[in-house]
Amino acid sequence: MSARPGRFSEQASRAVANPGLRAVMRRAVAHLAGLRAKALAAMPDVEARRDRAAAVRQRTLDNLPDLLERLEETLTRAGVQVHYALDAAEANAFIGGLALDRGVTRVVKGKSMVTEELGLNAYLQGLGVEVFETDLGEYIVQLAGQPPSHIISPALHLSRAEIADLFARKLGQGGETASELTQVARRELREKFVTAGMGVTGVNVAVAASGTLVLVENEGNIRLSTACPDIHVAVMTLEKVVGNFADLADILDVLPPFATGQTMPGSLSLFFGPRRLGESDGPREVHLVILDNGRSRVLADPVLAQILRCIRCGACLNVCPVYAAVGGHAYGSTYPGPMGAVLAGALEPLDSSVPLAFACTMCGACAQACPVRIDHPAVLLELRRRATAAGLAPLPEVLAWAYAFALRHPAAYRAAVGLLRGLDPELTRVAAMPGLEGLAAYLGQREGLGLKPPFASEDEKKENGGGK
Ligand code: SF4
């Protein structure tokens, strides 16, 4: 059965019972968090950079319709065909239809979380189109038949030995060191780039003033995915637009250091449209799909909208103790970790995503790490409040909330204690009900120790011999 946010508790329990996964996760997130900490320590103006980046992202949210209109205008002038998709079905239907129409049988992809959100690979494969992920981490998880477990390091949960074993089984080629394994992937992928009819990528930032699509990467695979095939399809969610190049610079000031500890991107691609007359490479057709998929609704929400400032750096995942303990797959959502819990709560129906809002210790490390100052704990608390009001909160949370309420209201506290005392004789019967094994075990323990029923009054305890 595939993982789902609604089954977080079960999925997380399985993950923490896997010592190999825990060891890999611990090492990997500590490594990423260490790289970020080192980069930031060498940046005296880091807080000013965060302020500027957060302000740019907030300006986008405040002016989104105007910016999108401007972007469409400038891109169209540059020869890019712009398409709006209300949801995943519309986006997939467009991309799949385009592939079939142009006779494309092979697609190469740059790493893109939004196409994970669409389920694009499975959709295209269902149409008979081959799809190859070309980012090394994505290539590995595609071979393993798994979704990414981290938004910037998709194969973070796999050890080098596991990857070597996977390559030997699936590709018949081995390797021991990271470099040897990378060479295997490189050899396999070269031929895919030059024979693909379409390259599909995400978009890190779209600049409205100039009609520029900006992609940040470290491996060069996005350049090959866009330079070799005749058609480039870029997919972005509607909030990725910014006003101008100064805004772009403010985002690039924080994205590499917070994501990977780099002072600047390994490779920065700026796309200004299809191949021009006299140019020897680059796509002949460029399409941009602008996906909503619930985001315009989130934009109107005074508390949840801030998650749309996210620039997908992954820093919040790398400092989250829950993510480090359970890994990305346990979340069962496209986006894992703190930003994933918030995004799932914002985009998906509350009844299916509610466990993720409670999968948080409220330590606040994510908010401290976020370059665009998203307050994840505040949003998760609001989602918990909404879930509780809708009767969707897990039982322990409801009990904790009720206890806190009773402590604040003495009359309610006295009434609750009276009610529970009345229930004392019934507790053993109640505890025999399915799902209350914990309560049954607790009562059994008390009985074994010769203790009185849990809600007995002081008078009753004295009457019965002064037991506790
Ligand atoms: S929420 Fe903040 S820290 Fe997390 S991925 Fe987005 S920008 Fe990075």
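Just so you know, these numbers come straight off a predicted model, no measurement behind them. (Residues numbered from 1 in each chain as written. Predicted model: local features only at pLDDT ≥ 70, side-chain atom pairs only at ≥ 80, totals over all residues.)

## Things to note about the domain arrangement of the protein
So, step 1. Taken domain by domain, the protein holds domain 1 (48–296) and domain 2 (409–463).
So, step 2. A C-alpha centroid distance of 58 Å is found between domain 1 and domain 2. (Domains from an automatic or database assignment.)

## So, the site of the ligand
So, step 1. Close contacts around the ligand come from 13 residues, with Cys310, Cys313, Cys316, Met339 and Cys370 the closest.
So, step 2. Partitioned by chemical class, the residues of the shell around the ligand number 11 nonpolar, 1 polar and 1 charged. (Near = placed C-beta within 6 Å. Nonpolar A, V, L, I, M, F, W, Y, C, P; charged D, E, K, R; others polar.)

## Quick word on unusual backbone geometry
Excluding glycine, residues mostly have negative phi values, and the peptide bonds linking residues are mostly trans.
So, step 1. One non-glycine residue, Asn293, lies in the positive phi region at around 50 degrees.
So, step 2. Asn293 sits in the buried class, given 20 other C-beta atoms within 10 Å.
So, step 3. Of note, the phi angle at Arg373 is positive, near 55 degrees, even though the residue is not glycine.
So, step 4. Its place among the elements puts Arg373 in the loop between α19 (365–369) and α20 (376–389). (Buried ≥ 20, exposed ≤ 12 C-beta atoms within 10 Å, placed from the backbone. Helix = DSSP H or I, 4+ residues; strand = E, 2+ residues; numbered from the N terminus.)

## Considerations on the sheet that holds strand β3 (residues 130–133)
Sheets are built from strands paired through backbone hydrogen bonds, the pairs being either parallel or antiparallel.
So, step 1. Here we have 6 strands laid out as an open sheet, ordered β1-β10-β7-β4-β2-β3, and parallel in their pairing. At either margin of the open sheet sits one strand with a lone partner, and together these are β1 (80–85) and β3. On average, adjacent strands in this sheet sit at an angle of 20 degrees to one another, irrespective of strand direction.
So, step 2. Pairing between strand β2 (residues 106–109) and strand β4 (residues 198–201): 3 bridges, direction parallel. (Pairing = 2+ DSSP bridges. Axes fitted to C-alpha atoms, helices over the stretch in contact; angles between N-to-C directions.)

## Some words on the packing of helix α17 (residues 337–347) against α20
So, step 1. Between α17 and α20, the shortest axis-to-axis distance is 10 Å and the interhelical angle comes to 35 degrees. Along this stretch, α17 crosses α20, giving a crossing that reads as left-handed. Only His376, Val379, Leu380 and Leu383 of α20 make contact with α17, whose side of the interface consists of Pro338, Met339, Ala341, Val342 and Gly345.
So, step 2. In terms of residue class, the contact of α17 with α20 is built from 7 nonpolar, 2 polar and no charged. (Left-handed = near helix turned anticlockwise from the far one by under 90°. Contact = placed C-beta atoms within 7 Å.)

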